[in-house]
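# Structure at a glance
Listed below are the residues making up each chain.
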Amino acid sequence: MTRGTPDFDAYLRTIAQFTDDELIPAEPEMVAAGQVPDGLVQRMAELGLFGISIPPAYGGLGWSMEQQVLLTLEFTRASCVYRSRFSTVIGLCSQAILDHGTEQQRRELLPEMASGRRVTSFALTEPEAGSDATNVRTTAERAGDGWVLDGSKRYITNAHWADTLLVFARTADAEVSAFLVDRTAPACRPGCPSS
């Protein structure tokens with residue numbers, strides 16, 4: 001889909017048709033494979049679904065919350081597993097980068113996220129802490145110009161496919177901070193697909 005500001009009603013009809021013609025019929029294939037087929041992930045990217053909440057200045061469609069809800073009502077007529085492939089990108093991760101990232105991080109990451117070229121994952125939940133950020137046990141220690149993170153996460157949507165993980169860890173001053181971690185970083189070992 002061409003970036004910019006397409007007519008929302010036309011876009012909503014496109015997503016409704018995509019749901020009817022492609023998502024719903026592919027559910028048996030998705031269930032059998034245990035993941036969303038690559039061809040459908042590519043179609044989601046082509047249609048702009050990875051960028052519906054990201055502002056146009058960063059390559060997204062910038063739909064309002066009301067418009068996002070209307071879109072959600074369309075694509076969740078099919079399995080919610082489809083939405084999990086892009087929901088972390090359009091919600092938790094992009095919003096954290098928009099609200100708390102640097103402008104350099106926004107310009108580097110958000111256009112790739114909006115296009116579907118960069119999958120992100122929100123790594124908060126831990127075996128002993130659940131999704132309670134106040135009990136995070138993963139630690140982060142300064143090491144030269146960077147950080148060394150030590151800990152385990154679980155039930156992290158898209159971790160298996162993520163290029164970048166937004167990882168929550170406790171620093172020396174006991175504050176919980178978020179770190180952008182490249183999946184290829186040493187000792188970063190995402191496990192089996194969780195959703």
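Up top you'll find the structure we're talking about.
Residues numbered from 1 in each chain as written. Predicted model: local features only at pLDDT ≥ 70, side-chain atom pairs only at ≥ 80, totals over all residues. Heavy atoms only, no water.

So, about helix H5 (residues 80–100). Compared with the 30 Å implied by 1.5 Å per residue over 21 residues, the 28 Å span of H5 between its first and last C-alpha is a close match. Along H5, the helix axis deviates most sharply at Ser87, where the bend reaches about 50 degrees. All of the buried residues in H5 are Tyr82, Ser84, Arg85, Phe86, Ser87, Thr88, Val89, Ile90, Cys93, Ser94, Ile97 and Leu98. (Helix = DSSP H or I, 4+ residues; strand = E, 2+ residues; numbered from the N terminus. Expected span 1.5 Å × (residues − 1). Bend = angle between axes of the 7 residues up to and from the residue. Buried < 20%, exposed > 50% of the residue type's maximum accessible area, 1.4 Å probe, protein only.)

Even without being a glycine, Tyr155 presents a positive backbone phi close to 55 degrees. Position of Tyr155 relative to the elements: it lies in the loop between strand E3 (146–150) and strand E4 (164–170). The backbone of Ala174 sits at a positive phi, close to 75 degrees, despite the residue not being glycine. With respect to the element layout, Ala174 can be found in the loop between E4 and strand E5 (176–182).

Running from N to C, helix H1 (residues 8–23) and helix H3 (residues 38–46) point in directions that differ by 170 degrees, and their axes come no closer than 12 Å. Judged on the interaxial angle alone, H3 and H1 are roughly antiparallel. Along the contact surface, H1 presents Phe18, Glu22 and Leu23, while H3 presents Leu40, Arg43 and Met44. In terms of residue class, the contact of H1 with H3 is made up of 4 nonpolar, no polar and 2 charged. (Axes fitted to C-alpha atoms, helices over the stretch in contact; angles between N-to-C directions. Parallel < 35°, antiparallel > 145°, perpendicular 65-115°, else oblique. Contact = heavy atoms within 4.5 Å. Nonpolar A, V, L, I, M, F, W, Y, C, P; charged D, E, K, R; others polar.)

This part is about the packing of aromatic side chains. In total, this model carries 6 aromatic pairs according to the counting rule given. An aromatic cluster of three or more residues is present, and its members are Phe8, Tyr11 and Trp63. A cation over a ring is seen here: Arg85 above Trp161, with NZ or CZ 4.6 Å from the ring centre. (Phe/Tyr/Trp six-rings, centres within 6.5 Å; stacked < 30°, edge-to-face > 60°. Lys NZ or Arg CZ within 6 Å of the ring centre and 35° of its normal.)

Glancing now at the side chain of Thr138. For Thr138, the position within the fold is in the loop between strand E1 (120–123) and strand E2 (139–143). The exposure class of Thr138 is buried, given its relative accessible area of 3%. Side chain to side chain, Thr138 and Glu126 meet in a polar contact 2.6 Å long. When sequence neighbours within four positions are dropped, the list of residues in contact with Thr138 reads Glu126, Asp150, Gly151, Ser152, Lys153, Phe168, Ala169 and Arg170. (Polar contact = N/O pair within 3.5 Å; in protein donor to acceptor, adjacent residues only side chain to side chain.)

Moving on, we get to the packing of H3 against H5. One can describe the packing of H3 onto H5 by two numbers: an axis separation of 11 Å at closest approach and a directional angle of 55 degrees. In terms of their interaxial angle, H3 and H5 are classed as oblique. In this structure, the crossing between H3 and H5 has a hand that is right-handed. Together, Leu40, Val41 and Met44 of H3 and Tyr82, Arg85 and Phe86 of H5 make up the contact between the two elements. Considered class by class, the residues forming the contact of H3 with H5 number 5 nonpolar, no polar and 1 charged. (Left-handed = near helix turned anticlockwise from the far one by under 90°.)

Counted by the stated rule, this structure contains 0 disulfides. Among the cysteines around Cys93, which has no disulfide bond, Cys188 carries the closest sulfur, lying 13 Å off. Under the relative-accessibility criterion, Cys93 is labelled buried at 2%. Note on Cys188: relative accessible area 25%, which makes it partly exposed. (Disulfide = S-S within 2.5 Å.)

Let's shift gears to the pairing of E3. Along a regular strand, successive side chains alternate from one face of the sheet to the other. Both E2 and E3 contribute to a ladder of 5 bridges, which runs antiparallel. Its bridge partner being in E3, Arg142 is matched across the sheet by Trp147. (Pairing = 2+ DSSP bridges.)

Before going further, it helps to examine the nonpolar core. One finds Met44, Leu49, Ile52, Leu71 and Tyr82 to be the most contacted residues of the largest nonpolar core, which totals 39 residues. If you list the elements that add at least two residues to this core, you get H1, H3, helix H4 (65–75), H5, helix H6 (103–115) and E4. Apart from the residues lying within four places of it in its own chain, the contact partners of Ile52 are Tyr11, Leu61, Gly62, Trp63, Gln68, Leu71, Phe75 and Ile90. Ile156, Val167, Phe179 and Val181 belong to the second largest nonpolar core, which has 10 residues in total. (Core = buried A, V, L, I, M, F, W, Y, C linked by side-chain atoms within 4.5 Å.)

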